[in-house]
Amino acid sequence: MASNKVIITCAITGAIHTPTMTPHLPITADQIASEAIAAAEAGAAILHLHARNPETGQPDQSPEAFAAFLPRIKQATNAAINLTTGGSPYMTVAERARPAMQFQPEVASLNMGSMNFGLFPLLNKYKEFQHKWEREHLEGSRDLVFRNSFKDIEYVLEACYGNGTRFEFECYDTSHLYNLAHFVDRGLIKPPFLVQSVFGILGGIGTHPEDVAHMRRTADRLFGDAYEWSVLGAGAAQFRVAAMAAAMGGHVRVGLEDSIWIGRGQLAESNADQVRKVRQIVEGLGREIATPDEARAMLALKGGDKVAF
Ligand code: KMH
Ligand code: ZN
């Protein structure tokens, strides 16, 4: 870890949660833009963005859907924009990579291995849904493989690397760290790189402190000083995992993409509230949060003026 400063990434809306789960899930371009701007103002240095259909709230990976909010966010904040190439696990990698290819962001996510992606336990929490697609989205995950083959990963790397886009490597288990090491060994990934270790997705590693320590020590052994370690805790584990990482010198990711909660049984009313809460944890430990430009320096990002939006 090059610096003691903590990069806060905020993931504004994602493709996991559905409109029925919380009235605070950003869905329209306006909501996504204003939530992203507020999250940056609260201290997020990187904004991880998905798009949604404004009427139904369904994940929408069309470049047009992203074009509806990207310029506004860029003009209003200095935060580094991170576009998803994960989209929804139901999409093909070609579809998923289109926004990052077109808009050439400073950062894009890249999922480092195929896996089960079990959202179906969420069905037990909701009896009715506002939209038909929501139940299908959750139930379909019982028989879903989130596909990220070596060929898929090569596709995204080759499609985006030439644009100067660098990656938030989503690693949901130690095997994904070894996959990442494979691409580093092939010279396809250059340091410094951001490892976003994901805890608590059903199909990936758990959220126990031993899971967090194991991912950290495995990444340290594989990558040494070549990487920056960040953590993402899904659902109720979000702040517990963030606190562990902040105490261990890592960076943190929050946002309604990964958790709709701000406390036990309490819905987060905004992404900015989650940023403020994790900032309190980080600063309470005597660490400082990184500005967007400090994050750019740590991750060798190309600068907000070199994007194609
Ligand atoms: N939803 C997170 C668990 C992506 O967008 O590429 C991981 C993620 C994947 O954000
Ligand atoms: Zn995402």
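Model, not experiment: these values are computed from the prediction.

Parameters at a glance
Residues numbered from 1 in each chain as written. Chains lettered and ligands numbered in written order. Predicted model: local features only at pLDDT ≥ 70, side-chain atom pairs only at ≥ 80, totals over all residues. Heavy atoms only, no water. Axes fitted to C-alpha atoms, helices over the stretch in contact; angles between N-to-C directions. Helix = DSSP H or I, 4+ residues; strand = E, 2+ residues; numbered from the N terminus. Parallel < 35°, antiparallel > 145°, perpendicular 65-115°, else oblique. Left-handed = near helix turned anticlockwise from the far one by under 90°. Contact = heavy atoms within 4.5 Å. Nonpolar A, V, L, I, M, F, W, Y, C, P; charged D, E, K, R; others polar. Near = heavy atom within 4 Å. Polar contact = N/O pair within 3.5 Å; in protein donor to acceptor, adjacent residues only side chain to side chain. Areas by Shrake-Rupley, 256 points an atom, 1.4 Å probe, with all protein chains shown as cover. Donors = N, O, S within 2.8 Å, 3.2 Å for Na, K, Ca; no water. Buried < 20%, exposed > 50% of the residue type's maximum accessible area, 1.4 Å probe, protein only. Arc of directions from axis to C-beta. Core = buried A, V, L, I, M, F, W, Y, C linked by side-chain atoms within 4.5 Å. Pairing = 2+ DSSP bridges. Salt bridge = Lys/Arg side-chain N within 4 Å of Asp/Glu carboxyl O. Phe/Tyr/Trp six-rings, centres within 6.5 Å; stacked < 30°, edge-to-face > 60°. Lys NZ or Arg CZ within 6 Å of the ring centre and 35° of its normal.

1. Focus: the packing of helix H6 (residues 150-160) against helix H7 (residues 174-185)
With their axes 12 Å apart at the nearest point, H6 and H7 run at an angle of 55 degrees to one another. With respect to each other, H6 and H7 are oriented oblique. The hand of the H6/H7 crossing is right-handed. Facing Phe150, Ile153, Glu154 and Leu157 of H6, the residues of H7 in contact are Asn179, His182 and Phe183. Split by residue class, the contact of H6 with H7 holds 4 nonpolar, 2 polar and 1 charged.

2. Focus: the site of ligand 1
Close contacts around ligand 1 come from 14 residues, with Thr84, Ser109, Asn111, Arg253 and Glu257 the closest. At 3.1 Å from an oxygen atom of ligand 1 is found a side-chain nitrogen or oxygen belonging to His48. A distance of 2.6 Å is found between an oxygen atom of ligand 1 and a side-chain nitrogen or oxygen belonging to Glu257. Alone, ligand 1 offers 300 Å² of accessible surface; in the complex the protein occludes 96% of this. A class-by-class count of the residues in the shell around ligand 1 yields 4 nonpolar, 6 polar and 4 charged.

3. What to know about the coordination of the zinc ion (ligand 2)
Distances from the zinc ion (ligand 2) to its protein donors, His48 (NE2), His50 (NE2) and Glu257 (OE), fall at 2.1 Å. Donor residues binding the zinc ion (ligand 2) come from one chain and are separated in sequence as H-x1-H-x206-E. Of the two residues, His48 is situated in strand E2 (residues 46-49) and Glu257 in the loop between strand E10 (251-254) and strand E11 (261-263); the sequence distance between them amounts to 209 residues.

4. Details of the environment of Glu269
Residue position: Glu269 is located in the loop between strand E12 (266-267) and helix H10 (271-284). Measuring from C-alpha to C-alpha, the distance between Glu269 and Pro23 comes to 8.3 Å, with 246 residues separating the pair along the chain.

5. Side note on helix H4 (residues 93-103)
Those residues of H4 that fall on the buried side of the exposure criterion are Val93, Arg96, Ala97, Pro99, Ala100 and Phe103. Seen from one end, H4 has its buried residues packed into an arc of 145 degrees, which puts them on one side. Buried residues in H4 make contact with helix H2 (63-67), helix H3 (70-76), strand E3 (80-83), strand E4 (107-111), strand E6 (145-146) and H6. Downstream of H4 by one or two residues, Gln104 has phi in the positive range, about 45 degrees.

6. Points about the environment of Gly235
In this structure, Gly235 sits in the loop between strand E9 (227-233) and helix H9 (238-247). With 111 residues separating them in the primary sequence, Gly235 and Asn124 have C-alpha atoms 15 Å apart. The residues contacting Gly235, other than those within four sequence positions of it, are Asp258, Ser259 and Trp261.

7. Notes on the nonpolar core
Leu47, Leu49, Phe69 and Leu70 are the most contacted members of the largest nonpolar core, which totals 39 residues. Here this core gets 6 residues from one element, more than from any other, and that element is helix H1 (residues 29-42). Ranked by size, the runner-up nonpolar core spans 34 residues in total, among them Ala100, Cys171, Phe223 and Ala226.

8. Digging into the sheet that holds E3
Ordered in space as E1-E2-E3-E4-E7-E8-E9-E10, the 8 strands form a closed barrel in which the pairing is parallel. Averaged over all pairs of adjacent strands, the angle between their axes in this sheet comes to 25 degrees, without regard to strand direction. One ladder, built from 2 bridges, connects E3 with E4; its direction is parallel. Along E4, the bridge assignment pairs Leu83 with Ala108.

9. Thoughts on the side chain of His50
Along the polypeptide, His50 turns up in the loop between E2 and H2. Looking at His50, its side chain comes within polar contact range of the side chain of His48, at 3.2 Å. A distance of 3.1 Å separates a polar atom in the side chain of His50 from a polar atom in the side chain of Glu257. The residues contacting His50, other than those within four sequence positions of it, are Thr13, Gly14, Ala15, Ile32, Phe66, Phe69, Thr84, Gly87 and Glu257.

10. Let's talk about the pattern of salt bridges
Under the definition given, this model contains 17 salt bridges. One salt bridge in this structure joins Arg147 and Asp152, with 2.7 Å as the shortest N-O distance. The exposure class of Arg147 is partly exposed, given its relative accessible area of 47%. Since its relative accessible area comes to 6%, Asp152 is described here as buried. Glu257 is paired through a salt bridge with Arg253; the nearest N and O atoms lie 3.1 Å apart. Each member of the pair Glu257 and Arg253 is classed as buried. The network of salt bridges with common partners includes Glu168, Glu170, Arg253, Glu257 and Asp258.

11. As for the packing of aromatic side chains
Two numbers describe a pair of aromatic rings. These are the distance of the centres and the angle of the planes. In the structure shown here, the tally under the stated rule is 11 aromatic pairs. Aromatic side chains Phe150 and Phe183 sit 6.1 Å apart centroid to centroid with 40 degrees between the ring planes, which places their arrangement in the tilted category. One end of the pair, Phe150, is in helix H6; the other, Phe183, is in helix H7, and 33 residues separate them in sequence. Their ring planes at 90 degrees and their centres at 6.2 Å tell us that Phe169 and Phe193 sit as a pair that is edge-to-face. Taken as a pair, Phe169 in strand E7 (residues 166-171) and Phe193 in strand E8 (residues 193-199) lie far apart in primary sequence, 24 residues in all. Each of the two residues, Phe169 as well as Phe193, counts as buried. The ring of Phe309 is capped by Lys74, whose NZ or CZ atom sits 5.8 Å from the centre of that ring. Positioned above the aromatic ring of Phe239, the side-chain terminus of Lys277 is 4.9 Å from the ring centre.

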